[in-house]
Amino acid sequence: MESSLLLYETSFTPGYYVYPFTFNLPDNLPSSIEVLYGSVKYKARAKIDKKWCINDTCVKVFNVYSCCYLGSMSSSPIESVKEKIPLSLGGAGSIRLTVKLSNNCYAPNQMIPFIATVRNNSGTTVNEVRFKFVQGFTFEVKERTTETIQTETQELAVIDSVVNPRDERFWNLELRIPADTFIGNMPNCDCMKIFWKIKGEVYLPFPHRNMHIDVPLLLGSAASPNSAL
């Protein structure tokens, strides 16, 4: 965006001059952010064109903060399933982890209630189940994808989460979203995307690899966009 404050040549006597200007920013701009592999920045740049002289330039950085209002978001139940077939002398069978949420839309500092179920049809014992909340960014440049974690909670180790072969167990759990979690919007930003999710891990004995599950979430502001600041 550009605006010409003076449309003609003029000379200035010593003094103080003020030229107000206004830009109406589009409502679909990504939020200002600076993280490990990328950033979104905004600047206002003013330039004085001086005839036969080097131009004077002044730059001022400003932030754009856009986010979804929680009350306007369409929430829905969510169910994520991950299944693994470990090698076992006790017979072939799968371990299935299911995570269910009553809705997928939350705000910072809210609790996320969910139900985790492990169905162990294998001959391998599940040692432990853990969960945590994470927020981060995904960068896609030249067909390469990199993910970085910006915020994460301590792992919630589910108490008494051993699941024996041919057994099934479930737990009613809760995770709190950190109050300082970034909830900005990133529209029209193809190379940089934001994510929020619950990450779960099922711990298996050696030589098996642990199971992992990602449950995507949506975060927004609990305050109305019309609220006074």
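About the criteria used
- Residues numbered from 1 in each chain as written.
- Predicted model: local features only at pLDDT ≥ 70, side-chain atom pairs only at ≥ 80, totals over all residues.
- Heavy atoms only, no water.
- 1 Å grid on protein atoms, 1.4 Å probe; cavity = no way out; pocket = protein on both sides within 12 Å on 5 of 7 lines; lining within 4 Å.
- Points joined across faces, edges and corners; volume = space filled by probe spheres on them.
- Helix = DSSP H or I, 4+ residues; strand = E, 2+ residues; numbered from the N terminus.
- Nonpolar A, V, L, I, M, F, W, Y, C, P; charged D, E, K, R; others polar.
- Phe/Tyr/Trp six-rings, centres within 6.5 Å; stacked < 30°, edge-to-face > 60°.
- Buried < 20%, exposed > 50% of the residue type's maximum accessible area, 1.4 Å probe, protein only.

Asker: How should the layout of surface pockets be read in this particular structure?
Answerer: Regions of empty space are outlined by a rolling probe, equal in size to a water molecule, passed over the atoms. In this structure, the largest pocket spans a volume of roughly 1,600 Å³. If you trace the largest pocket, you find 33 residues lining it, with Ser3, Leu5, Ala46, Lys47 and Ile48 closest to the centre. Elements supplying a minimum of two residues to the lining of the largest pocket: β3 (42-48) and β4 (56-62). Top contributing element to the lining of the largest pocket by residue count: β3, with seven residues. Across the lining of the largest pocket, the residue classes break down as 18 nonpolar, five polar and ten charged.

Asker: Is there a simple way to think about the packing of aromatic side chains in this case?
Answerer: Here a ring pair, both rings aromatic, is described through the centre-centre distance and the interplanar angle of the planes. Evaluated as defined, the whole model comprises six aromatic pairs. With 5.2 Å between their ring centres and 70° between their planes, Phe114 and Phe131 make a pair best called edge-to-face. You can see Phe114 sitting in strand β8 (residues 111-120) and its partner Phe131 sitting in strand β9 (residues 128-141), a full 17 residues away along the chain. Just as Phe114 is buried, Phe131 falls in that class too. When the ring of Phe137 is compared with that of Phe182, the centres are 6.0 Å apart and the planes differ by 45°; the resulting orientation is tilted. Of this pair, Phe137 sits in strand β9 while Phe182 sits in the loop between β12 (167-176) and β13 (192-203), placing them 45 residues apart in sequence. Here the two residues Phe137 and Phe182 agree in accessibility, since each one is buried.

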